[in-house]
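Close look at the chain arrangement
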Amino acid sequence: MSSPIADLSYRHYEGVLEPPRHRWWAIAKTTMRQAFRKKVMWVVSASSAWYYLGMVFVMFVLDQIAANRAPNAPDPMEAFLLRIVWKDQFLHGFGFGQILFLLGALILGAGTIANDTRANALLVYLSKPVTKRDYLMGKWFGVFLPLLAIMLIPSLAFFLFGLMSYREKGFVSQDPLLFLKLLLMFPLGAAFHASLVIGFSSMFNQGRLAGATYAALYFVTNFFTQAMVVVHVNLTMGRGETSEAAKAALPIVHSLYYASVDGLNIGMAKAILGTAGSPYFGIPSRMQMVPAPPLLPVLAIMVGLSALMLFIAWRRIRAVEVVG
Amino acid sequence: MAVAQIRNLTVRYGSFTALRDFTVDIPEGAVGLLGPNGAGKTTLLKTMLGFVKPAGGSASVLGLDVERDERRIRQVIGLMPEQDCHIPGMSAVQFVAYAGELAGMPSAQALRRAHEVLEYCGLGEARYRNVETYSTGMKQRIKLAQALVHGPKLLLLDEPTNGLDPAGREDMLELVRSVSHGKGVNVLISSHLLPDIERVCDYVIVVTTGQLRATGRIEDLKKLEGQPLDIELREECPGFGDRLIENGFRVISAKALHWRVQAPGTPEELLPRVMKAASAAGAQIRGFGLAERSLEEAFLAAVGPQGGPQFHV
């Protein structure tokens, strides 16, 4: 009779067991690893750079036109550079990326607690030297860090491109603190999405339901924001003088514009960057932008909503069912 | 030495008292925690893990206090929960390696150990399959593998044969028995199945309605008071009873070929007297030994005449 080559009997593990600290990092790493196994996550990550790629393309085309223009003809690149506000390009990159950040948050976070609840995985986690805090932190960072990377990497790449190519064209002088503002703005946006999606995930035991609920909240509130854009455009671009009633309604419309997940993120970005925005791709337009909201109220709402969702998640993470 | 010491432990869920003034020392080796459903077995395990805070009393596991050192306790014990549990979207080897990492093993060692433990648990061939595609028996095995991966000193098994067919149950019990004997792992098995406990454990703790009812070695619990003897005859012999009484025995029961008798003295001293009675009655003895009650009888005696708990045999 042949015997197995390997010794299959039980042998006690005598190796290293690290002290029960920083378990959240093991959970975060695994959450990220699992998310990036999905191809759609890579597609979303790559797509998040589309506005910046568009800008680079526009500048390339204008550069080519400028190089081949007739002598004494106006330089379209110079006109373009005079027209654009550099920090607004990051605002647009962030704003246009919102839908992709939502998709990223759904892929990364919708099932992260919900599926664990369905599969009773909490018993596995909490029977190891992992606390509720480790678990929640691990899951949160597992969503936050990839989202931050998705948001930040294209923006930093564009920042480097601008810094190297257009330093003399006002890239730095327009806003010397731009880099620091970007470092504040993107983590806040990623943290907001991460907190909301983690909270929704903890409320359900199916990732799809959690994702559908978060997406529904996002789109319903975003529809409202878009409706306010229409009202804003009608009030500010109507023929003739703006009426007194319209003037009185505008602040309300502007406040309501920010009453959505998308609106809060854009409001926060505008407030941090200190801009109301400007036309996309530097295309001339008569459209007035919705002014930036004050930073503190926007931040308070974002922090409050994030804390509420994380509190819900905290309450729902349990290793034992309560009976009786 | 006791692996766990429980002193006057009371655990409540709201107004419901799951454990009431519970005191026990859990010895080393394979110990069965026996009781009907709802007796408080799982609550005791969860208290030992620090999942629930006691309303009163104290408990220590491997010398660590359950209220102060819950993380260190969880690092040196392994739990195989009663319910199906796994981490979604992972293959068996990823799942078990991840469980090892959560317990504090470095990644590379956790992965190597996951392969070893999966082989040991009989999942070597299926280790790259997603756990969600596993059968019930395989899911039980992977729960055991994730509990064993970090080399725990104490293994808590909550109804380890739940939902298994007879062959699967046999395999699981064999696996648990092998890990709990001679491998340096202490095992506490919670079950309401008497044969499972009898098969695997040397020591038993009986719990009903959140209270300790009996504790001790299984062989001691099965012993009957006064050391009666069981005698088995080859053929029926009506005069055998009278001859036994003449030789100083008290006949406790007689069912055809099976006699249970009692007399003062050791079995060695009594054997010649039994042989003498058999010879006088013309009976042929096939078997002779100390009488034992079944484990079910022992536990029904231990839990008293309430008629409440129903064990499965």
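For every chain, the first residue of the written sequence is number 1, and numbering continues from 1 along that sequence. Each chain is given a letter, starting from A, and each ligand a number, starting from 1, according to the order in which they appear as written. Only residues with pLDDT of at least 70 are given local features in this predicted model, and only at 80 or more are side-chain atom pairs given and counted; all residues enter the totals for whole chains, interfaces and linings. Side-chain measures here rest on the full set of heavy atoms in the structure, leaving out hydrogens and waters.

**Some remarks on the overall build of chain B**
Counting its secondary structure elements, chain B contains 11 helices and 14 strands. Seen through its C-alpha atoms, chain B measures out along the principal axes to roughly 75 × 45 × 30 Å. For every residue, the accessible area (1.4 Å probe, protein chains only) is compared with the maximum for its type, and the residue is labelled buried under 20%, exposed over 50%, or partly exposed between those bounds. Every one of the 313 residues in chain B was classed for burial, and the buried ones make up 53%. By definition, residues are in contact when any of their heavy atoms lie within 4.5 Å. Taking the contacts inside chain B whose residues are at least 6 apart along the sequence as the reference set, 66% of them involve residues at least 24 apart. Accessible surface, chain B as shown: approximately 13200 Å² in total, 48% of it carbon and sulfur. A distance of 3 Å separates the average location of the 35 positive side-chain charges in chain B from that of its 37 negative side-chain charges. The way it works is that DSSP assigns letters per residue, a run of H or I at least four long becomes a helix, a run of E at least two long becomes a strand, and they are numbered from the N terminus. Per-residue accessibility takes into account occlusion by the displayed protein chains alone, with areas from the Shrake-Rupley method and a 1.4 Å probe. Under this rule, positive means Lys or Arg and negative means Asp or Glu; His and the chain ends count for nothing. Every charge is mapped to an atom, namely NZ of Lys, CZ of Arg, CG of Asp or CD of Glu.

**Brief notes about the sheet that holds strand 11 (residues 229-233) of chain B**
All names here are of chain B. A pair of strands is treated as paired once DSSP finds two or more bridges between them. Strand order across the open sheet formed by 4 strands is 12-13-11-14, with antiparallel pairing between neighbours. Among the strands making up the open sheet, the edge pair consists of strand 12 (250-255) and strand 14 (285-290). Strand-to-strand twist in this sheet, taken as the mean axis angle between neighbours without regard to direction, amounts to 20°. Relative to strand 13 (residues 258-262), strand 12 runs antiparallel, the two sharing 5 bridges. For valine 251, the partnering residue across the bridge sits in strand 13 and is valine 261. As a rule, the C-alpha atoms of each element are fitted with a line to give its axis, helices using only the stretch in contact, and angles between N-to-C directions run from 0 to 180 degrees. On top of the sheet, helix 10 (residues 267-281) reaches strand 11 and strand 14; it is set at about 155° to strand 14, its chief contact.

**What to know about the interface of chain A and chain B**
How big an interface is tends to be reported as the loss of accessible area on association of its parts. Between chain A and chain B, the residue contacts involve 41 residues of the former and 47 residues of the latter. Here the quantity called buried area is the accessible surface, traced with a 1.4 Å probe, that two parts lose on coming together, added over both. With both chains or domains summed, chain A and chain B bury close to 4000 Å², and 58% of this area falls on carbon and sulfur atoms. What counts as a salt bridge is simple: a side-chain nitrogen of Lys or Arg found within 4 Å of a carboxyl oxygen of Asp or Glu. Counting every contact that joins chain A to chain B gives 2 salt bridges. For the salt bridge of Glu132(B) with Arg118(A), the shortest nitrogen-to-oxygen distance reads 3.9 Å. Residues adjacent in sequence count toward polar contacts only when both atoms are side-chain atoms; beyond that, a polar contact is any pair of N or O atoms within 3.5 Å, and within protein one must be able to donate a hydrogen and the other to accept it. For the pair chain A and chain B, the number of links is 15 residue pairs in polar contact (both at pLDDT 80 or more). Secondary-structure elements contributing two or more residues to the side of chain A that touches chain B are helix 1 (23-35), helix 7 (114-118) and helix 8 (121-126) of chain A. Across the side of chain A that touches chain B, the residue classes break down as 20 nonpolar, 10 polar and 11 charged. When residues are grouped by polarity, Ala, Val, Leu, Ile, Met, Phe, Trp, Tyr, Cys and Pro land in nonpolar, Asp, Glu, Lys and Arg in charged, and all others, Gly among them, in polar.

**Focus on unusual backbone geometry**
Residues and elements named next belong to chain B. Despite not being glycine, aspartate 21 has its phi angle at roughly 45°, a positive value. Along the chain, aspartate 21 turns up in strand 2 (residues 16-27). Positive phi, normally seen in glycine, also occurs at alanine 256, with a value near 55°.

**Some thoughts on the side chain of Thr221(A)**
Residue and element names in this part refer to chain A. Take threonine 221: it is sitting in helix 11 (residues 207-237). Side-chain polar atoms of threonine 221 contact the backbone oxygen of tyrosine 218, separated by 3.0 Å. Leave out the neighbours within four places in its chain, and threonine 221 touches Ala259, Ser260 and Val261.

**Thoughts on the sheet that holds strand 7 (residues 154-158) of chain B**
All names here are of chain B. Strand order in the open sheet formed by 6 strands is 6-7-8-3-9-10, with mixed pairing between adjacent strands. Bordering the open sheet on either side are strand 6 (77-80) and strand 10 (211-217), each of which pairs with just one other strand. Along the sheet, successive strands turn relative to each other by an average axial angle of 15°, direction set aside. In this structure, strand 6 lies alongside strand 7, joined through 4 bridges in parallel fashion. Bridging from a neighbouring strand, methionine 80 pairs with leucine 157 of strand 7. Packing of helix 5 (residues 136-148) onto the sheet brings it into contact with strand 6 and strand 7, and relative to strand 6 it is tilted by some 165°. Set on the sheet, helix 6 (residues 166-180) makes contact with strand 3 (30-34), strand 6, strand 7 and strand 8 (186-191); between it and strand 8 the angle comes to about 150°.

**Comments concerning the packing of aromatic side chains**
Within 6.5 Å between ring centres, the rings of Phe, Tyr and Trp (the latter by its six-membered ring) count as paired, and their orientation is classed by plane angle as stacked under 30 degrees, edge-to-face over 60, tilted in between. Applying the stated criterion across every chain yields a total of 31 aromatic pairs over all chains. With a centroid separation of 5.8 Å and 85° between ring planes, the pair formed by Tyr125(A) and Tyr98(B) is classed as edge-to-face. Taken together, the positions of Tyr125(A) in helix 8 and Tyr98(B) in helix 3 (residues 92-103) put the pair across two chains. The class for Tyr125(A) is buried, based on a relative accessible area of 1%. An aromatic cluster is built from Trp50(A), Tyr51(A), Tyr52(A), Trp86(A), Phe90(A), Phe96(A), Phe158(A), Phe159(A), Phe161(A), Tyr166(A), Phe171(A) and Phe179(A), whose rings are joined through pairwise contacts.

**Focus on the packing of helix 1 of chain A against helix 3 of chain B**
The relative placement of two packed helices is expressed as an angle between their axes plus a distance between the axes. Interhelical geometry of helix 1 of chain A versus helix 3 of chain B gives an angle of 155° and a closest axis separation of 8 Å. Taken as axis vectors, helix 1 of chain A and helix 3 of chain B run roughly antiparallel relative to one another. Contacts between helix 1 of chain A and helix 3 of chain B involve Arg23(A), Ala26(A), Ile27(A), Lys29(A) and Thr30(A) from the former and Tyr98(B), Glu101(B), Leu102(B) and Ala103(B) from the latter. Note on angle classes: values under 35 degrees are labelled roughly parallel, values over 145 roughly antiparallel, values of 65 to 115 roughly perpendicular, and the remainder oblique.

**Remarks on the pairing of strand 13 of chain B**
All names here are of chain B. In this sheet, strand 13 lies alongside strand 11 in antiparallel orientation, the contact comprising 4 bridges. When the sheet's bridge partners are listed, glutamate 232 is paired in strand 13 with histidine 258. Following strand 12, the chain reverses through 2 residues before pairing antiparallel with strand 13; alanine 256 in that reversal takes a positive phi of roughly 55°.

**Quick word on the domain arrangement of chain B**
Per the domain assignment, the segments making up chain B are domain 1 (2-217) and domain 2 (229-290). Centre-to-centre separation of domain 1 of chain B and domain 2 of chain B, based on C-alpha positions: 46 Å. Bear in mind that the domain bounds are from an automatic or database domain assignment.

**A short note on the packing of helix 6 (residues 98-109) of chain A against helix 10 (residues 178-203) of chain A**
Residue and element names in this part refer to chain A. Between helix 6 and helix 10, the shortest axis-to-axis distance is 10 Å and the interhelical angle comes to 40°. Taken as axis vectors, helix 6 and helix 10 run oblique relative to one another. In this structure, helix 6 meets helix 10 at a crossing whose hand is right-handed. Packed against helix 6, whose contacting residues are Gln98, Phe101, Leu102, Ala105, Leu106 and Gly109, the element helix 10 presents His193, Val197 and Ser201 at the interface. Classifying every residue of the contact of helix 6 with helix 10 gives 5 nonpolar, 4 polar and no charged. Rotating anticlockwise by less than a right angle from the far helix to the near helix defines a left-handed crossing, while the corresponding clockwise rotation defines a right-handed one.

**Describing helix 4 (residues 76-83) of chain A**
Residue and element names in this part refer to chain A. Regarding helix 4, the residues found buried are Met77, Phe80 and Leu81. The arc that holds every buried residue of helix 4, seen down its axis, measures 95°, which confines them to one face. Buried residues along helix 4 sit against helix 3 (50-67) and helix 5 (86-96). The arc in question is formed by the directions pointing from the helix axis toward the C-beta atoms.

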